[in-house]
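Per-entry structural report
Here is how the chains run, residue by residue.
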Amino acid sequence: MTQQESSERFWKNFHGPNMGYVEEQYETYLENPEAVDPSIKTLFEVYGAPEWLETEGVNGKAIAQTTSSNDIKKITSAMKLVEAIRRYGHLEADIYPVGQDKNRTSSLIDPRTYGLEKEDLEAIPSELIWENSNNHVKTAQDVIEFLKKQYVGTISFEYDHVNNDAEREWLQQKVETGSYKVDFNNEEKKQLLEKIADVEGFENFLAKTFVAQKRFSIEGLEMMVPMLDRIVQLSFYDDTENILMGMAHRGRLSVLTHILGKPFDKLFSEFHHSSDKELIPSAGSRAITYGWTGDVKYHFGAERKAGEEKPSPTRITLAHNPSHLEFVNPVVQGFTRAAQDFRFERGYPKNSINKALSILIHGDAAFIGEGVVAETLNMGALPGYSTGGTIHLIANNQVGFTTSQNQGRSTRYASDLAKGFEIPIIHVNADDPEACVSAVQLAYEYRNTFHKDFLIDLVGYRRYGHNEMDEPRATQPQLYKQIDEHDTVATIYAKKLQEAGLIEDNTLEVMMDAVFQKLNDIYTNMKENSTGEAEAKPVPKALRNGLADIETAVPLDELKALNKGLLNRPDGFNSFKKLERILKKRSETFDQEGKADWATGEALAYASILQDGIPIRLTGQDSERGTFAHRHLVLHDVETGETYCPMHGLEQAKATFDIHNSPLSEAGVLGFEYGYSVEAPKTLVLWEAQFGDFANAGQVIFDQFISSGRAKWGEKSNMVMLLPHGYEGQGPEHSSARIERFLTLAAENNWIVANVTTSAQFFHLLRRQAALVNSESARPLIVMTPKSLLRNQRVVSDVEAFTKGKFRPLIQQPGLPLTTKKAKRLIIGSGKVMVDIEESMSNAEQKHDEIHVLRLEQIYPFPQNDIEHVIKNCPNLEEVVWVQEEPRNMGSWNFVKEPLFKLLDGEIELKYIGRPERSSPAVGEPNIHKTEQNRIVREALELSKGGDSK
């Protein structure tokens, strides 16, 4: 908030005679600051001149004579107290069901802190300190009591950090009039109790039936389920078509069954532990399918269509989530953006934020502790990532596994991180059901009104240990002594309704018995089936098949037309002249030289994919221009600063091209794009790292989602990751994209790992990937892309390579014969070092007749048959040498050596040439790098050199 905004807010609280008195005091202050009372002097020093002096010219001197200095001090103190209750009421609010903060007090909202007694407040008319004064609020004392009920109860608010006046005033009006509260009639109160009893009864049944099994119980936070249900019910009456949810373990089973409609027998079958038997759910409940290796029950998600009979039915999706807690946050945001975007016409997608709503349920320790939370919050208002506001719910059980709050965060509340993003915050006691539902309704209204995030801190507890097999009393003895003596929310609310005469004394008991009987009937009617040895399901046939039959060539006339179309500009657009000359030369490349460089090949790949009607989304750090200034797919008007994407001027395009520079984030953005690719399976989604090793910061997303999501959960993604890679003397952080990590994770054809060395190969690789969208053969693609090679003439491809060829996992070095009977050494390698070898061979005076060279363009799946064919056509071969520029313990060596050993079968020697084993991926001194690189190339071309790897 600016100083001017703060001053305006303060002076707006003055009315009538007070304005005249303040005006008189301000004139005195201007003449001599020491002549006014110290408290009034402080007001002028902090808030400046009264704002009405410049706008209204009020003359209150005559009235001022009737108002004493002491009166105005009391009034201004009362005004300060009102503002303090708004700002700090949460510090004394009854938001903790149990725990050390349960009975908090704060001097910041104590009238005595401001020199006020009850008699002082009763003497001040309410309209002097509160603009919402009415017949029921006569005095300042009435105002203070009323506002404390709004701000200091079982629900409290923090929104002073929201700097938008309209938002803050909207919230203040909702809170201080109480209009945000849901007005439950008697029947609705009984229905709410029944919903709570359903949740508690379900958890009790699991505890009794599946003793000592992990379930991450919701007990202590049961109100989470009715709150989510309220959002679902509200969505039936607006434009919401999709609710996309993400959450960790706590309460997940209750949410799956009660909100997502997961059949109880399906869940029970997942609990059954038996070496030779399994519980078989009924046929109608087996529609939820997962991957072939599966996951534990509290990681699975689900999908459900709800409200078919309502005005606006809604699809509800709970994302699968591994044990990395908050890393599902950006994935869900990607789901949501994809569900909002319309992608099947040229230009940027049309985004309809009302079509989809995201809900993220966080743990209190994880929300403040996991950096991916901040990365995700930062995307909330960015044009390429905004989803029109997310409802955040902190499932606050006041302890993180065994770690207490004072060890887990440096802030007062777990929610404090949200303040930096100006997100309004509600703290609500999980033992007050009506307050909880009111909180979520206010969040929903705010999101729909301002299209921004909202956070609810649902403060409860964890009735049992972290996972029901854990003993929490060893680490939190005092907290659990309170919990052991504390009634459940169902019991508390039932007593409240009993006291109001709405239910009988035994109503809750009857409800709980009914829940137990219903679940027990389902369980006892399940069949038990004998099984053989338990084994994982086979990999889908579509993944086992190769991709060689996919045709990706494009006729020359189409390529020329697309190339020309990329020069279209809006009328009056003032491009950077130097850049336009480069782009015009690029467009003429096929006509004049019959060749296309890397940038041209990439642009034509995207253009031809759009022509095929496949949408594209490309994001990354500096991806609009390209980190190395090769792409230039977003142009900037030098006069106005407006931007234009050449892909949007293509008349042939039948789908959107959605390109954005991302925030400086890896895990968050990578998770977002993964989520987008899952939710939009007909779209080619690409993420580009500024340098390949920046992907390190997204390793959890690679490990837990991209590489294994389909095997665990049946979640398909066809996204592409572009990771600049190559050793050019730029040091340890800008050389290696850590290809070895992706190869370590490669199995079951879960993805493709490639390191291509020509523009045509990249063109065909992208087009092949686009051909896989929305198919059973879809899988992610990891590409080691070039840096210095972007402008190297040796990666330029002839036009025929685009119009007649297709992607080849294995290619031979340009200029060499297909086979050679003279070859004694076969060099195989991947990426930039192979271009270095080509350059050395072409510049050498001697012929290398006894050497044959292959480039492994696709490392996984490994093209074993192609290599075997080459070896058979080299009858005099004595040795095969694997060459790489990465250290021996990195790169591809440890992955390729096993299939090569098997292929050579001990008859031909296999050797390694490259850098020795190292802890760092590259040296930091450019001259040392050059010496090492030259040695690798030299040894590769000298027979008998290389390490013996038998």
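These notes cover the structure that comes with them. The shown structure was predicted, so the numbers you read here are calculated from the model rather than taken from an experiment.

Moving on to unusual backbone geometry. A cis amide bond links Tyr-860 to the next residue, Pro-861, at an omega of -5°. Relative to the helices and strands, Pro-861 is located in the loop between strand E28 (858-860) and helix H34 (864-872). Not every positive phi belongs to a glycine, and Gln-398 is a case in point at roughly 70°. Its location among the elements puts Gln-398 in the loop between strand E9 (390-396) and strand E10 (399-400). Its relative accessible area of 9% is what places Gln-398 among the buried residues. The phi dihedral of Glu-748 is positive, around 55°, even though this residue is not glycine. Turning to its location among the elements, Glu-748 is positioned in the loop between helix H30 (739-744) and strand E22 (752-754).

Our next topic: the nonpolar core. Core analysis: the largest hydrophobic core is formed by 115 residues, its most contacted members being Ile-129, Met-224, Met-245 and Val-255. Ranked by the residues each element gives to this core, the list is headed by helix H18 (residues 433-450), at 9 residues. Ignoring anything within four residues of it in the chain, the contact list for Ile-129 reads Ile-75, Ala-78, Met-79, Val-82, Ile-124, Ala-140 and Val-143. Among the nonpolar cores identified, the runner-up in size contains 69 residues, and Ala-339, Leu-360, Tyr-676 and Ala-746 belong to it.

To continue, consider the packing of aromatic side chains. Two descriptors summarise a pair of aromatic rings, namely the distance from one centre to the other and the angle between the planes of the rings. Here the structure, examined in full by the defined rule, presents 35 aromatic pairs. With centroids separated by 5.1 Å and ring planes inclined at 45°, the aromatic side chains of Tyr-446 and Phe-450 adopt a geometry described as tilted. In this pair, Tyr-446 and Phe-450 are both assigned in helix H18, 4 residues apart and thus about one turn of the helix distant. By relative accessible area, Tyr-446 is classed as buried at 0%.

This part covers helix H24 (residues 577-587). Residues of H24 that are buried: Leu-579, Glu-580, Leu-583, Arg-586 and Ser-587. When H24 is viewed along its axis, its buried side chains cluster within an angular range of 120° and face the same direction. In H24, the exposed residues that point more than 90 degrees away from the buried face are Lys-577, Lys-578, Arg-581 and Lys-585. If you follow the buried residues of H24, they end up packed against helix H23 (556-565), helix H25 (589-592), helix H26 (598-611) and strand E17 (635-636).

What follows deals with the pattern of salt bridges. Scanning the model with the defined rule gives 53 salt bridges in all. With its nearest N and O atoms 2.5 Å apart, the salt bridge here joins Lys-595 to Asp-798. Here Lys-595, found in strand E15 (residues 595-596), pairs with Asp-798, found in strand E24 (residues 797-798); they are 203 residues apart in sequence, far enough to count as distant. The exposure class assigned to Lys-595 is partly exposed, which follows from its relative accessible area of 32%. Counted as one network, the salt bridges with shared partners bring together Glu-83, Arg-86, Arg-87, Glu-131, Asp-160 and Glu-176.

Another aspect to go through is the sheet that holds E28. What the 7 strands build is an open sheet, ordered E19-E16-E20-E21-E23-E22-E28; its pairing is mixed. Of all strands in the sheet, those with a lone pairing partner are strand E19 (657-661) and E28, marking the two edges. The sheet shows a mean angle of 20° between the axes of neighbouring strands, direction not considered. As paired elements, strand E16 (residues 616-620) and E19 share 5 bridges and run parallel to each other. Counterpart to Gly-620 in the pairing with E19 is Asn-661. Sitting on the sheet, H26 is in contact with E16, E19, strand E20 (684-688) and strand E21 (720-724), with an inclination near 145° to E16. Running at roughly 170° to E20, helix H27 (residues 667-679) makes contact with E16, E19, E20 and E21 of the sheet.

Basis of the calculations
Residues numbered from 1 in each chain as written. Predicted model: local features only at pLDDT ≥ 70, side-chain atom pairs only at ≥ 80, totals over all residues. Heavy atoms only, no water. Helix = DSSP H or I, 4+ residues; strand = E, 2+ residues; numbered from the N terminus. Buried < 20%, exposed > 50% of the residue type's maximum accessible area, 1.4 Å probe, protein only. Core = buried A, V, L, I, M, F, W, Y, C linked by side-chain atoms within 4.5 Å. Contact = heavy atoms within 4.5 Å. Phe/Tyr/Trp six-rings, centres within 6.5 Å; stacked < 30°, edge-to-face > 60°. Arc of directions from axis to C-beta. Salt bridge = Lys/Arg side-chain N within 4 Å of Asp/Glu carboxyl O. Pairing = 2+ DSSP bridges. Axes fitted to C-alpha atoms, helices over the stretch in contact; angles between N-to-C directions.

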